[in-house]
Amino acid sequence: MFFSRQLKSFAVGITLFVVLAFIPHQVYKNLSPLFVVASLMILVMVLIPSVGVERNYSQRWVRIGSFMFQPSEVVKLGMILYFVAMYAKK
């Protein structure tokens, strides 16, 4: 069970890596403000009772259907893309 779940996550990760690697970096640069806004919206989703999930006495997870994730991981990526685009302008 654990191994198969890890293998599925690995396959999804590698697939996303390959797909996203072929997108030109200018696209990410142009979309970086959108990533920041989306990150803020995802962080607010944690506070919505039907969407935010409490685990171990803290509400840090978002559930969409059967899929659960921590928004902070998405925010980390969004902030990295935003700061890279900002520093590239300078």
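A few points on the structure. Computed from a predicted model, the values in this text were never measured in an experiment.

Re the overall build of the protein chain
Part 1: What the protein chain contains, in helices and strands, is three helices and three strands.
Part 2: In terms of overall dimensions, the protein chain has a C-alpha envelope of 45 × 30 × 20 Å along the principal axes.
Part 3: By residue count, 17% of the 90 residues in the protein chain fall in the buried class.
Part 4: A separation of at least 24 residues holds for 33% of the contacts in the protein chain among residues at least 6 apart in sequence.
Part 5: About 7500 Å² of surface is accessible on the protein chain, with carbon and sulfur atoms providing 72% of the total.

Observations regarding helix α3 (residues 71-89)
Part 1: Here α3 is 19 residues long and its end C-alpha atoms lie 27 Å apart, about the 27 Å a rise of 1.5 Å per residue gives.
Part 2: On the buried face of α3, the contacting elements are α2 (25-45), β2 (58-64) and β3 (67-69).

Comments concerning the sheet that holds β2
Part 1: Spatially, the three strands line up as an open sheet ordered β1-β2-β3, and their pairing is antiparallel. Looking at the sheet topology across the chains shown, the edges are occupied by β1 (52-55) and β3. Taken over all neighbouring pairs, the strand axes of this sheet differ in orientation by 40° on average, direction set aside.
Part 2: Strand direction decides the pairing type here: β2 and β3, joined by three bridges, are antiparallel. Across the sheet, arginine 63 pairs through a bridge with methionine 68, a residue of β3.

Focus on the layout of surface pockets
Part 1: There is about 730 Å³ of room inside the largest pocket.
Part 2: Forming the boundary of the largest pocket are 21 residues, of which Leu16, Leu20, Glu73, Val74 and Leu77 lie nearest the centre.
Part 3: When residues of the lining of the largest pocket are traced back to their parent elements, those giving at least two are α1 (2-21), α2, β3 and α3.
Part 4: Residue classes in the lining of the largest pocket are distributed as 15 nonpolar, five polar and one charged.

Brief notes about the pairing of β1
Looking along a regular strand, one sees side chains alternate from face to face of the sheet.
Part 1: Examined bridge by bridge, β1 and β2 share four bridges and lie antiparallel to one another. Residue pairing for β2: glutamate 54 is matched across the bridge by glutamine 59.
Part 2: What sits between the antiparallel neighbours β1 and β2 is a turn of two residues, in which asparagine 56 has the positive phi angle 55°.

Focus: the packing of aromatic side chains
Part 1: If you walk through the whole model with that rule in mind, you get three aromatic pairs.
Part 2: Seen from their ring centres, phenylalanine 83 and tyrosine 87 are 6.4 Å apart, and the 25° between their planes marks the pair as stacked. Of this pair, phenylalanine 83 and tyrosine 87 are both found in helix α3, four residues apart, which corresponds to roughly one turn of the helix.
Part 3: Among the aromatic side chains, those forming a connected cluster through ring pairs are Tyr82, Phe83 and Tyr87.

Here is what the cut-offs are and how they apply
- Residues numbered from 1 in each chain as written.
- Predicted model: local features only at pLDDT ≥ 70, side-chain atom pairs only at ≥ 80, totals over all residues.
- Heavy atoms only, no water.
- Helix = DSSP H or I, 4+ residues; strand = E, 2+ residues; numbered from the N terminus.
- Buried < 20%, exposed > 50% of the residue type's maximum accessible area, 1.4 Å probe, protein only.
- Contact = heavy atoms within 4.5 Å.
- Areas by Shrake-Rupley, 256 points an atom, 1.4 Å probe, with all protein chains shown as cover.
- Expected span 1.5 Å × (residues − 1).
- Pairing = 2+ DSSP bridges.
- Axes fitted to C-alpha atoms, helices over the stretch in contact; angles between N-to-C directions.
- 1 Å grid on protein atoms, 1.4 Å probe; cavity = no way out; pocket = protein on both sides within 12 Å on 5 of 7 lines; lining within 4 Å.
- Points joined across faces, edges and corners; volume = space filled by probe spheres on them.
- Nonpolar A, V, L, I, M, F, W, Y, C, P; charged D, E, K, R; others polar.
- Phe/Tyr/Trp six-rings, centres within 6.5 Å; stacked < 30°, edge-to-face > 60°.

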